[in-house]
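Spelled out from the first residue to the last, the chains are:
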Amino acid sequence: GDEPDYITLSYVWGSYKQPTLTTANLALWSSAGALRQHIDLPQTNKDAIQVVQDIGMRFLWVDALCNIQDDKYELALQIQQMDRIYSRATLTIA
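Residues numbered from 1 in each chain as written. Predicted model: local features only at pLDDT ≥ 70, side-chain atom pairs only at ≥ 80, totals over all residues. Heavy atoms only, no water.

Asker: Could you give me a rundown of the overall build of the chain, with the residues and numbers involved?
Answerer: Summing up its helical and strand segments, the chain has five helices and three strands in all. Ordered by position from N to C terminus, the α and β elements of the chain give β-α-α-β-α-α-α-β. Expected size for 94 residues packed as a compact globule is a radius of gyration near 12 Å; at 13 Å, the chain falls within 12% of this value. Projecting the C-alpha coordinates of the chain onto the three principal axes gives extents of approximately 35 × 30 × 25 Å. Scored against the burial criterion, the 94 residues of the chain give a buried share of 37%. Residue pairs at least 24 apart in sequence account for 68% of intrachain contacts in the chain once pairs closer than 6 positions are excluded. Element-wise, carbon and sulfur atoms account for 54% of the exposed surface of the chain, whose accessible area totals about 6300 Å². Of the charged side chains in the chain, 7 are positive and 11 negative; the average position of the first set lies 3 Å away from that of the second. (Helix = DSSP H or I, 4+ residues; strand = E, 2+ residues; numbered from the N terminus. Rg over C-alpha atoms; globule rule 2.2 N^0.38 Å. Buried < 20%, exposed > 50% of the residue type's maximum accessible area, 1.4 Å probe, protein only. Contact = heavy atoms within 4.5 Å. Areas by Shrake-Rupley, 256 points an atom, 1.4 Å probe, with all protein chains shown as cover. Lys, Arg positive; Asp, Glu negative; His and termini not counted. Charge placed at Lys NZ, Arg CZ, Asp CG, Glu CD.)

Right, here's the structure in full:
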């Protein structure tokens, strides 16, 4: 298809107050290299980014940063599509 190859990350958020995608920071998180600029990401996310780079892939799907967390309607739509998101991934890191 026309969709790029991507890797998904399946993980438990835990108690760490990690950055999330919101309507207010959508433009920031949508910019190229945004993940590399955030040192406050959980170590799990940083490790997944490194794996993506190490195997020569470009895209990593992380629910906290790919689903708009403060838009209840949009979030509900995304949650309904989680099976498609994960099943179409080249690889899932768990």
